[in-house]
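Notes for the structure review
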Amino acid sequence: MRYFDHAATTVMRESAREAWCKASYEFNPAGQYQLGRRARSVLEDAREQVAALVGCEPIEVIFTASGTEADNIALKGLWRARSDVSSRVISTAIEHSAVFDTVRYLETLGANLELLPADSSGFVYDPADVFSEPAAVATCMWANNETGAIQDVAQFGEKLARTGTPFHIDAVQVLGKLPIKFSELNATTLAGSGHKFGGPRGAGILIAKRSPAPEPLFHGGGQERGIRSGTVDVAGAAGLAAALQEACDEMDSQQRRLREFKCLLIDAIQAAVPDVQLNTPQHSLSTHVNISIPGAEGDSLIMLLDSHGIAASTGSACANGVNRASRVLLAQGLSESLARGTLRLSMGYTTTEEDVNYLIDKLPKVIAQAKRAGMA
Ligand code: PLP
């Protein structure tokens, strides 16, 4: 299988598997006896390793079970901690559903939600200067999961710091791909997910400054500074840390290699399909290529590619198997029909030149077939 869905999940790294298997023998890290102390030392090593790689203090690293959980803890928790100060919540129209559905939920609790728009290239902007007034919490993703567009989160953080508004960054697509220095972002919290950079699935991180800290969503043993109660998954933490270490160590060479593949792919698609719409802007992750094909259905493209042994996705979640136009691309101004004919090709550390050439060979035929099949 030629795998072009690394943005959804990537192959678990051998280093992560080893660290994960080794740590799977560990006991409860809260135990007072030798076995507990040993588990705790493995956990704290993982915490220190992650902290060094994302530029924060070890105490700021909270292990969670997913990126979705980290986003939920940050946004609901900061809202709870701050809703008496302001009812405003600022987010963007292009967030992943882990954030988008969460801020929509906060609206049902009384939040006045303000969604920043994105321009036609997929970049979030602030036309009404909503950052100049304090809010309970503000959030913006660092890189978009569908298009790969990289947002200027440092600039947003700087503006928000002036009003003392806590800032949450969804960095799930960025960890292991771009250098991160949490301490320089003016962010309060930041979410990451192990399985996006070669760690185990079911292991995430929330980086949370000491103050203001999110109020806990669930109560219990008070682990992870009380922000995320529940016995910590030591193996998950060790696997995540090992994967992040390897991803950061090879970041420069991988990103250079993938950037070349990305250019090859875009040039070949544009040459073979003149009416293609490229939804990935120049300033984007080197892993993402998002295109829309007029007159073709995203589902047809996926199924036809699958029949050639190529795994790719439309990039947007589909409900009950029904292909819906991507909310993100609609927000960027694409028409409903064009947004429905979308294909996301995402690469990762295991992608080879052979994979890319194979895709380049099959894609024009697949696109022609999907166009003949038309729209449902
Ligand atoms: N945020 C973004 C930008 C994502 O791409 C994803 C996963 O696709 C998530 C959050 C959710 O992460 P997880 O799969 O670990 O819950």
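Residues numbered from 1 in each chain as written. Predicted model: local features only at pLDDT ≥ 70, side-chain atom pairs only at ≥ 80, totals over all residues. Heavy atoms only, no water.

Thoughts on the sheet that holds strand β9 (residues 277-278)
Judged by pairing direction, the sheet is antiparallel, and its 3 strands sit side by side in the order β9-β10-β12 without closing on themselves. Here the strands that pair on one side only, and so sit at the sheet edges, are β9 and β12 (342-346). Two strands pair when backbone bridges link them, and strand β10 (residues 288-292) and β12 are joined in this way by 5 bridges, in the antiparallel orientation. Counted as the bridge partner of His 288 is Ser 346 from β12. Most of the contacts of helix α7 (residues 251-272) go to β10, to which it runs at about 15 degrees, and overall it touches β9, β10 and β12. (Pairing = 2+ DSSP bridges. Helix = DSSP H or I, 4+ residues; strand = E, 2+ residues; numbered from the N terminus. Contact = heavy atoms within 4.5 Å. Axes fitted to C-alpha atoms, helices over the stretch in contact; angles between N-to-C directions.)

Comments concerning the sheet that holds strand β7 (residues 189-193)
The strands that make up a sheet are held in pairs by hydrogen bonds between backbone atoms, and each pair lies either parallel or antiparallel. Strands sit in the order β2-β8-β7-β6-β5-β3-β4 across an open sheet of 7 strands; the sheet is mixed. A strand with exactly one partner marks an edge of an open sheet, and here the two such strands are β2 (61-64) and β4 (112-116). Shown here is a sheet whose adjacent strand axes are inclined to one another by a mean of 20 degrees, direction ignored. Helix-sheet contacts for helix α3 (residues 67-82) involve β2, β3 (88-92), β5 (137-141), β6 (167-170), β7 and β8 (204-208), and the interaxial angle to β7 is about 165 degrees.

Notes on the domain arrangement of the protein
If you check the domain split of the protein, you get domain 1 (2-6 + 251-373) and domain 2 (14-246). Taking only C-alpha atoms into account, the centre of domain 1 sits 28 Å from that of domain 2. Between domain 1 and domain 2, the contact holds 20 residues from the first and 25 residues from the second. When the buried surface of domain 1 facing domain 2 is broken down by residue, Leu 285, Arg 327 and Gln 332 rank first, second and third, together holding 30% of it. Here domain 1 is connected to domain 2 by 0 salt bridges. For the interface between domain 1 and domain 2, the tally reads 9 residue pairs in polar contact (both at pLDDT 80 or more). Mapped onto the side of domain 1 that touches domain 2, the elements with two or more residues apiece are α7, β10 and α9 (327-331). Counting residues per element, the side of domain 1 that touches domain 2 draws most heavily on α9, at 4 residues. (Domains from an automatic or database assignment. Buried area = accessible area lost by both parts, 1.4 Å probe. Salt bridge = Lys/Arg side-chain N within 4 Å of Asp/Glu carboxyl O. Polar contact = N/O pair within 3.5 Å; in protein donor to acceptor, adjacent residues only side chain to side chain.)

Quick word on the environment of Asp 249
On the secondary structure map, Asp 249 appears in helix α6 (residues 234-249). C-alpha of Asp 249 to C-alpha of Gly 176: the two residues are 73 residues apart in sequence and 8.8 Å apart in space.

A closer look at the pattern of salt bridges
Within the structure shown, the criterion is met by 17 salt bridges. Put simply, Glu 44 and Arg 47 hold a salt bridge, and the shortest N to O gap is 2.7 Å. Pair noted here: Glu 44 and Arg 47 are both in helix α2 (residues 34-54), with a separation of 3 residues, about one helical turn. Measuring nitrogen to oxygen at the nearest pair gives 2.7 Å for the salt bridge that ties Arg 228 to Glu 69.

Observations regarding helix α5 (residues 153-163)
For α5, the complete set of buried residues consists of Val 153, Phe 156, Gly 157, Leu 160 and Thr 163. Around the axis of α5, the buried residues are gathered within 115 degrees of arc, so they sit on the same side. The positive-phi residue at the C-terminal boundary of α5 is Gly 164, with phi of around 70 degrees. (Buried < 20%, exposed > 50% of the residue type's maximum accessible area, 1.4 Å probe, protein only. Arc of directions from axis to C-beta.)

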